[in-house]
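An overview of the molecular structure
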Amino acid sequence: MDSDKAIATVTAKGAARWAAGHPWIYRSDVVAAPRGPAAPGIVRVQDRRGAPLGQALYSPRSEIRLRLLTPGDEKIDAAWWRFRIAACAARREGIPATAYRVVHAEGDGLPSLVVDRYGPFVVAQLLSAGLETVRDDVLTGLRQALEPQGILLRHDTAVRRHEGLPLEVEQAYGEVPEAVEVREGAVRYLAAPRHGQKTGAFLDQRDNRVLVGEHTRPGGRALDVFTYHGSFALHLARHAATVLAVDQSAEALARGARNASLNGLTNISWREANAFDLLRALERAGDRFDTIVLDPPAFAKTRASLPRALAGYKEINLRAMRLLAPGGVLFTCSCSYHVHRADFLGMLGAAAGDSGRRLELLQLTGAAADHPEILNIPETGYLKGALLRAVD
Ligand code: SAH
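Residues numbered from 1 in each chain as written. Predicted model: local features only at pLDDT ≥ 70, side-chain atom pairs only at ≥ 80, totals over all residues. Heavy atoms only, no water.

Right, let's talk about the overall build of the protein chain for a bit. When its secondary structure is counted, the protein chain shows 10 helices and 20 strands. The C-alpha atoms of the protein chain give 23 Å as radius of gyration, which agrees with the globular expectation for 392 residues (21 Å, within 12%). Burial status across the protein chain gives 54% buried among its 392 residues. Nonlocal contacts in the protein chain, meaning residues at least 24 apart in sequence, comprise 64% of its contacts between residues at least 6 apart. Summed over its atoms, the accessible surface of the protein chain is roughly 16400 Å², and 52% of this surface lies on carbon and sulfur atoms. Separation between the mean location of the 49 positive side-chain charges and that of the 44 negative ones in the protein chain comes to 3 Å. (Helix = DSSP H or I, 4+ residues; strand = E, 2+ residues; numbered from the N terminus. Rg over C-alpha atoms; globule rule 2.2 N^0.38 Å. Buried < 20%, exposed > 50% of the residue type's maximum accessible area, 1.4 Å probe, protein only. Contact = heavy atoms within 4.5 Å. Areas by Shrake-Rupley, 256 points an atom, 1.4 Å probe, with all protein chains shown as cover. Lys, Arg positive; Asp, Glu negative; His and termini not counted. Charge placed at Lys NZ, Arg CZ, Asp CG, Glu CD.)

As structure tokens, this is what we get:
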């Protein structure tokens, strides 16, 4: 390894975090910054006695100062990234979709690196200052491991601000088109890597969309609230007689309609509306649905907003429960990192209690298998889903 590499010294508490399997060391546990303290990059890490702990990405401006890359002292070059990324891709072999996450950052042992595949194209995010300094090696590793036709960097995400990095979208290699047709189980849809949310689609719900499709009552009425570009609606529409798909984004709904025709589906109505208002109106009208999906954006952006967020989740869930036909199924979820599983289940219990309906819990879910949740790294497990059935 390069002997001139900068060294960061950490407290016993910081070292203990790594020993316990968490890849982050915070600012307060870095006792001596690397030489040239303001410069981000890959550094060697040692404890106060000088014992080597491994190599990490160093972010001088972030609360998260060190992100563990390897406990070893091997050279971290393009070949290192290629090997790691190829291993991630190999773990995803056999996924029944052409768009999925290839690298889930901390969940895959490659902190702050997100890589999504959309058919022959790759959309990546380098989310820490340390990682940004080795961007050429990462891109070379990506090209060699995945052989994509193009790599787009969706660096227009707010978390880069904590790292002092610019927000931008950049074509790093080849060409990535505006819309990419992808397959997900029996459904095809258009992802929008340049302008869509996240990296172009919500890949984290992939498994759940297939699951809900399987629980959709054949010939029944279905409702997909917060549909975005119709991702759940397409799976529902293969079984239900009619689907009402709701979102406040006209642009997303327009893509939803194109997605429906791509699949030859003519039984989805697209409604631009505020979900809170629409659910209230449907309840007032005495409507009933056999299958309902609630996939809202993260209501709790901070820990402080948790009580308000839970009130919002409870409101939409309560109304959705009342809208269920007897025997009907509700798939409901939260992608707020600050809403823990216990909060989510507590909220659902309270909503069920107020709904006047009896509901059974059929299944609890997390994010799709390509977004591995590591048990002692809470940050990797943001998505909570519950599949409920109205008993009568
Ligand atoms: N179910 C989708 C992802 C939904 S993301 C999928 O699997 O791909 C959340 C969506 O909620 C976004 O499309 C956003 O436009 C929409 N949204 C946010 N607030 C809303 C509101 N109050 N009413 C209706 N839609 C809303």
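So, about the pattern of salt bridges. Using the criterion set out here, one finds 28 salt bridges in the structure. The salt bridge partner of Asp277 is Arg280, with a shortest N-O separation of 3.7 Å. With Asp277 and Arg280 both in helix H8 (residues 275-284), this residue pair falls three residues apart, about one helical turn. Classification of Arg280 by relative accessible area gives partly exposed; the value is 31%. For the salt bridge of Glu373 with Arg341, the shortest nitrogen-to-oxygen distance reads 3.5 Å. Linking Glu373 in the loop between strand E19 (359-365) and strand E20 (384-390) with Arg341 in helix H10 (residues 341-355), this pair joins segments that are 32 residues apart in sequence. Within this structure, Asp277, Arg280, Glu283, Glu315, Arg319 and Arg322 form a network of salt bridges that share partners. (Salt bridge = Lys/Arg side-chain N within 4 Å of Asp/Glu carboxyl O.)

Bringing the nonpolar core into the picture now. The biggest cluster of nonpolar side chains holds 35 residues, and the ones touching the most others in it are Leu223, Ile292, Leu294, Met321 and Leu330. Looking at this core, the elements with two or more residues in it are strand E14 (221-225), strand E15 (242-247), H8, strand E17 (289-294), helix H9 (306-323), strand E18 (324-334), H10 and E20. Residue contributions to this core peak at nine residues, all from H9. With residues near it in sequence (within four places) discarded, Leu294 still touches Val225, Phe226, Leu279, Ile316, Asn317, Ala320, Leu330, Phe331, Thr332 and Cys333. Counting residues in hydrophobic clusters, the runner-up holds 34 residues, among them Leu152, Val187, Ala201 and Phe331. (Core = buried A, V, L, I, M, F, W, Y, C linked by side-chain atoms within 4.5 Å.)

Each aromatic ring pair is characterised by the separation of its centres together with the angle its planes make. Taken as a whole and assessed by the stated rule, the structure comprises six aromatic pairs. Look at Phe232 and Phe331: their rings are 5.8 Å apart centre to centre, the planes differ by 35°, and that puts the pair in the tilted class. Here Phe331 lies in strand E18 and Phe232 lies in helix H6 (residues 231-237), a separation of 99 residues in the sequence. Residue Phe232 is classed as buried on the basis of its relative accessible area, which comes to 3%. Judged by relative accessible area, which is 0%, Phe331 ranks as buried. Ring pairs connect the aromatic residues Phe276, Phe299 and Tyr313, which therefore count as one cluster. The ring of Phe289 carries the charged tip of Arg221 above its face, separated from the ring centre by 4.3 Å. (Phe/Tyr/Trp six-rings, centres within 6.5 Å; stacked < 30°, edge-to-face > 60°. Lys NZ or Arg CZ within 6 Å of the ring centre and 35° of its normal.)

Moving on: the sheet that holds strand E11 (residues 168-174). The sheet built from five strands is open, its strands ordered E7-E8-E9-E10-E11 with mixed pairing. Every interior strand has two partners, whereas the edge strands, strand E7 (99-104) and E11, have only one. The average undirected angle you get between the axes of adjacent strands in this sheet is 20°. Looking at chain direction, E7 and strand E8 (residues 113-118) are connected through five bridges and run antiparallel. (Pairing = 2+ DSSP bridges. Axes fitted to C-alpha atoms, helices over the stretch in contact; angles between N-to-C directions.)

Moving on, we come to the environment of Ala105. Mapped onto the elements of the fold, Ala105 is located in the loop between E7 and E8. The sequence separation of Ala105 and Gly256 amounts to 151 residues, and the corresponding C-alpha distance is 29 Å.

This paragraph deals with the site of the ligand. What surrounds the ligand is a group of 16 residues, the closest being Arg209, Ser231, Asp247, Ala275 and Asp295. In this structure, Gln248 approaches the ligand through a main-chain N or O atom, which is 3.1 Å from a nitrogen atom. Computed on the free molecule, the ligand has an accessible area of 580 Å², of which 92% lies beneath the protein chains in the complex. A class-by-class count of the residues in the shell around the ligand yields seven nonpolar, six polar and three charged. (Near = heavy atom within 4 Å. Polar contact = N/O pair within 3.5 Å; in protein donor to acceptor, adjacent residues only side chain to side chain. Nonpolar A, V, L, I, M, F, W, Y, C, P; charged D, E, K, R; others polar.)

In this section: the state of the cysteines. Counting across every chain of the model gives zero disulfides. Free of any disulfide, Cys333 has its nearest neighbouring cysteine sulfur in Cys335, separated by 7.3 Å. (Disulfide = S-S within 2.5 Å.)

Here the phi dihedral of Ala105 falls at roughly 40°; this positive angle occurs in a residue that is not glycine. If you check the backbone angles, Glu147 has positive phi at about 45° while not being a glycine. Tracing the chain through its elements places Glu147 in the loop between helix H4 (135-146) and strand E10 (150-155). Taking relative accessible area as the criterion, Glu147 reaches 67% and is therefore assigned exposed.

Further remarks concern a nonpolar patch on the surface. Together, Leu345, Leu361 and Leu364 make up a nonpolar patch on the protein surface, roughly 250 Å² of accessible area in all. Inspection of the secondary structure puts Leu345 in helix H10. (Patch = residues over 30% accessible without salt bridge, like charges linked within 9 Å, V, L, I, M, F, W, Y side chains within 5 Å.)

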